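# Breakdown of the fold
Each chain, letter by letter, is given below.
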Amino acid sequence: MLKIDGLTARRGGKTVLTDISLAVGPGETLAVLGESGAGKSTLVAATLGLVAPQLGTVTWDGRPLGRGGAALVMQEPRAAFNPALSLRRSVLEPLRAQGMPDDAARIDRLCAGLELDPAMLDRKPYTVSIGQAQRAGILRALIAAPPLVLFDEPLSALDAVTQKQTAGLITALQREEGFAALIVTHDLGYAAAHADAVAVLRAGRIEETAPAADFFRVPRSAYARSLVAAATSLGALERRVA
Amino acid sequence: MNDVVQLFLRSAIVLTGTAVVTFALLWHAPGDPALSIAVARFDSAVSDEVVARIRAEAGLDAGFWAGFAHWVVPLLSGDFGKSSVTGRQVWPELLDAVRLTVPLALLGLAVGLALSVPLAIVAARRPGGWIDRGAVALASFGAAMPAYWLALLLILVFAVKLNWLPAFGAGSASSLVLPALTLGLGTGASLTRILRSSLLEARGAAFLPALARRGVGSRERAVAHVAPHAMIPVLTIVGLELAFLMEGAVMVEVIFGRPGVGSFLVDAISARDFPKVQGVVMLTAVLFVTVNLVIDLLYRLVDPRIGERHG
Amino acid sequence: MADFRAVLVLVAVLAGLALFGPLIAPNDPTAIDIPNRLAQPGEVYPLGSDAMGRGILSRLLHGARWSLGLAFLVSTIGLAIGVAVGLLAAMGGRFADWAMMRTTDIFLAFPDLVAAVVIAGVLGAGTSSLIFALTVTGWMRYARVARGVGLSLKTRGHVVQASLAGLSRPAIARWHYLPALVPSLTVVWTGMLARAILGISALGFLGFGVQPPTPEWGTMLLDARVHIRSDPLQMIWPGIAVVACVLSINLAGDALRDGLAKRGAG
């Protein structure tokens, strides 16, 4: 299981994360909720080892996350792909980089799970829709069967209908593949529907960690309460408009 | 303040690197330098003993770094060493050469400025107009014109056909006209190109319409606001033009048979007189690094926001 | 895209001239014909002959192979060195960047043509010295551009993904950096090609370049200079060849740059 222990990280000369401790087991989904500027993307980068932590450790089953130990689904689906290469080449990159054979059957199976036409993979990133690009991004993240997948605001670039569809596909695939998922988002609705546990990140610190069911019933911290209250009133507003 | 210190540090590193690279080039040059010195001084038949003595005297018998130190330590106090051919001090002769090249370069720069500044201003007044297009065409043509061919063409027209000016030598003031014209036309072409585009850029700057609305007159806008903005690229150009003038001077001096740094260098290379070659190289490097340092410092004065100049 | 095609056509024309120019040359460019020395343009020698009775047109056409072929070579080797240095600076750590950029500064601390004259002259006249001299003094602009573009790519999504996937550094450079470098490096390459043509002929003119009797435009000008009074046409032709090549390459480079700028803006 993923253990983030006492992580403190700096970026651009400022301490962005302070003493973060989190854990996610296989098959589980942890949603880290936070507003923009809370340090969400630094948390992702530090977990992946793209930013060296000042203090603390990130481990999987007691060992550091090595090559192929974790994959990432990014916020901007098309920018995550090399514009000069076909989607298929990019999707196969993790396999080839780790010396694994191209697994056509696995691609087909994952494509089916993602409701993605495999022929779409022969196109360049800027010729497919954002929703298709994001599903190809998820495909690339899962292709080499990493034990841990990080999602950095995976739905925010998508329209409402596609958001719902993609969220459902991720959860279904997770049930099948059994990876641990750490999802960084500001979308409480997503966390409520799909996460097993929720952590609230505010100004670089973890404000509260709780099982999702408890969190949405009785948020403990004042900040979490205001978040949930705001989301609920917005939800009520949505229902009224609809 | 800290980055000013860094600028000086960087200049020192660049100069040290240039010295090492220059010395390495001459160290690895084909042929035995001691033997060529001996031959140059005493004519062919020299004994091995003499060659060995010269080798020790010139610091050539030790290793690379010892040889480097033998050359560079005196250099730090301004001692350029002795010519390996004549045995005379390099510095006085080099200084004489510099004294002959500087007026030529300045005159060339003056001609270049006299041509380019009015042309660029007129051209930038109506971008796309016929004067502008003519200026751009002229500048492109000038950039493609090698200095030595331009010199030959000028000699052909003004010395051979019209017989107005001397083609070679450095005796009279009139002998300076064609070399300065060659340098000036080349400099003028590249200056026109850059001045024009920096004027256009400065004029298109976003703040000008706002100033106009505030009632700042067009002359004042041009003097107080357009000019400082056009200054930044101009500063860079001064550095680049220096390189152009130096290259031009080498070619022009050789073609017109004028003494100066260029002929000094080419003669030293042909004679394999390495102390002289090293002298010219290091003097030029010091000049360039100093000019670039001054430009970097001026940049900070003109626009304090600039942390680093990007080439 | 149209501009890119214009550059391709131009490169093809120049390459064709360098490759096939000698085939259409009417005379042997090195055959000495003293009775017909300094001949006026005529049937045998369409542009006249030089002081040794060698046909000027044939020497120009054969010279294209040397002037343009060497320029292609020099600017392309410089490209390879510059890209390697620039990408090492951009992809390596802070120290690699610092070291690579200070090295670049050292080589920029000197006017490049003067440096080329010193290097070629000290190493001894000849084609290999010429190639070495112009390459050593001609890689820095590539390095700066490659580093600049490389640094901007570092945080791009697909580059991050490639390193997460565990792709090796050379593979990341090959597949994720190089394709993005192509447009701006092509612009620099055209500029350096023009510079190399000027440099080769300048060194030839000073006697430090390609050695006689090989026909090369700069050495042809050097030979012709002596006859400026009696036969000025001799120095006109090689000069026109140099200016025409450099001018057309520069114009193509400008068109390419403007085209890329427009595409970048739109």
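Now for a description of the structure that goes with this document. The shown structure was predicted, so the numbers you read here are calculated from the model rather than taken from an experiment.

The next subject is the interface of chain C and chain A. Facing 13 residues of chain C, the contacting portion of chain A comprises 19 residues. With both chains or domains summed, chain C and chain A bury close to 1,300 Å², and 61% of this area falls on carbon and sulfur atoms. Here chain C and chain A share six residue pairs in polar contact (both at pLDDT 80 or more) between them. Secondary-structure elements contributing two or more residues to the side of chain C that touches chain A are α7 (157-164) and α8 (169-206) of chain C. Per-element tally for the side of chain C that touches chain A: the top contributor is α7(C), with seven residues. Here the side of chain C that touches chain A is built from residues that sort into seven nonpolar, six polar and no charged.

Residues and elements named next belong to chain C. Taking 1.5 Å as the rise per residue, helix α6 (residues 140-153) with 14 residues should run 20 Å; its terminal C-alpha atoms sit 20 Å apart, in good agreement. Among all positions of α6, only Met 140, Tyr 142, Ala 143, Ala 146, Val 149, Gly 150 and Leu 153 are buried. Buried-residue contacts for α6 involve α2 (56-91), α3 (94-108), α5 (127-136), α7 and α8.

With that settled, consider the nonpolar core. Counting residues in hydrophobic clusters, the biggest one holds 124 residues, and the most contacted among them are B:Ile155, C:Trp217 and C:Met235. Per element, the largest residue contribution to this core is 18 residues, and it comes from α8(C).

Before going further, it helps to spend a moment on the interface of chain C and chain B. On the chain B side, the residues contacting the 40 residues of chain C number 46 residues. Summed over both partners, the interface of chain C with chain B buries about 3,800 Å², with 79% contributed by carbon and sulfur atoms. If you look at where chain C meets chain B, you find one salt bridge. Two residues, C:Asp254 and B:Arg193, come together in a salt bridge whose shortest N-O distance is 3.0 Å. Seen at the junction of chain C and chain B, the total is eight residue pairs in polar contact (both at pLDDT 80 or more).

Following the criterion strictly, the structure yields four cavities of 30 Å³ or more and no others. Along the wall of the largest cavity there are 13 residues; nearest its centre are A:Ala70, A:Ala71, A:Pro94, A:Ala141 and C:Ala165. The greatest single-element share of the lining of the largest cavity, amounting to three residues, is contributed by strand β6 (residues 70-73) of chain A. When grouped by side-chain class, the residues that make up the lining of the largest cavity number nine nonpolar, three polar and one charged. One number sums up the size of the second largest cavity: a volume of about 60 Å³. Taken together, C:Asp50, C:Ile56, C:Arg59, C:Met220, C:Asp223, C:Ala224, C:Gln234 and C:Pro238 form the lining of the second largest cavity. Only α2, α9 (217-225) and α10 (233-265) of chain C provide two or more residues apiece to the lining of the second largest cavity. By residue number, the principal contributor to the lining of the second largest cavity is α9(C), which donates three residues.

Trans is the prevailing form of peptide bonds, just as negative phi is the prevailing case for residues other than glycine. All names here are of chain A. Backbone geometry places Glu 115, a non-glycine residue, at a positive phi of 50°. Within the element layout of this structure, Glu 115 appears in the loop between α3 (104-114) and α4 (130-143). Despite not being glycine, Ala 145 has its phi angle at roughly 50°, a positive value. Following the sequence through the fold, Ala 145 ends up in the loop between α4 and β7 (148-152).

A separate point is the pairing of strand β10 (residues 205-211) of chain A. Residues and elements named next belong to chain A. In the sheet, strand β9 (residues 197-202) pairs with β10 via six bridges, with the strands oriented antiparallel. Residue pairing in the sheet places Val 200 in a bridge with Glu 208 of β10. Between β9 and β10, which pair antiparallel and follow one another directly, the connecting turn spans two residues, one of which, Ala 203, has a positive phi of 50°.

A few words on the sheet that holds strand β4 (residues 55-60) of chain A. Residue and element names in this part refer to chain A. Read from one edge to the other, the open sheet built from four strands follows the order β2-β1-β4-β5, with strand pairing classed as antiparallel. Each having just a single partner strand, β2 (14-24) and β5 (63-64) make up the two edges of the open sheet. Alignment of strand β1 (residues 2-11) against β4, held across five bridges, turns out to be antiparallel. Looking at the pairing, Thr 8 lines up with Leu 55 of β4. Together, β1, β2 and β4 form the strand contacts of helix α1 (residues 40-48), whose direction differs from that of β1 by roughly 115°.

So, on to the sheet that holds β9(A). Residues and elements named next belong to chain A. With respect to topology, six strands assemble into an open sheet ordered β6-β7-β8-β3-β9-β10, the strand pairing being mixed. The open sheet has two edge strands, β6 and β10, and neither has a second partner. Neighbour-to-neighbour, the strand axes of the sheet open up by a mean angle of 20°, direction not taken into account.

Rules behind the numbers
- Residues numbered from 1 in each chain as written.
- Chains lettered and ligands numbered in written order.
- Predicted model: local features only at pLDDT ≥ 70, side-chain atom pairs only at ≥ 80, totals over all residues.
- Heavy atoms only, no water.
- Contact = heavy atoms within 4.5 Å.
- Buried area = accessible area lost by both parts, 1.4 Å probe.
- Polar contact = N/O pair within 3.5 Å; in protein donor to acceptor, adjacent residues only side chain to side chain.
- Helix = DSSP H or I, 4+ residues; strand = E, 2+ residues; numbered from the N terminus.
- Nonpolar A, V, L, I, M, F, W, Y, C, P; charged D, E, K, R; others polar.
- Expected span 1.5 Å × (residues − 1).
- Buried < 20%, exposed > 50% of the residue type's maximum accessible area, 1.4 Å probe, protein only.
- Core = buried A, V, L, I, M, F, W, Y, C linked by side-chain atoms within 4.5 Å.
- Salt bridge = Lys/Arg side-chain N within 4 Å of Asp/Glu carboxyl O.
- 1 Å grid on protein atoms, 1.4 Å probe; cavity = no way out; pocket = protein on both sides within 12 Å on 5 of 7 lines; lining within 4 Å.
- Points joined across faces, edges and corners; volume = space filled by probe spheres on them.
- Pairing = 2+ DSSP bridges.
- Axes fitted to C-alpha atoms, helices over the stretch in contact; angles between N-to-C directions.

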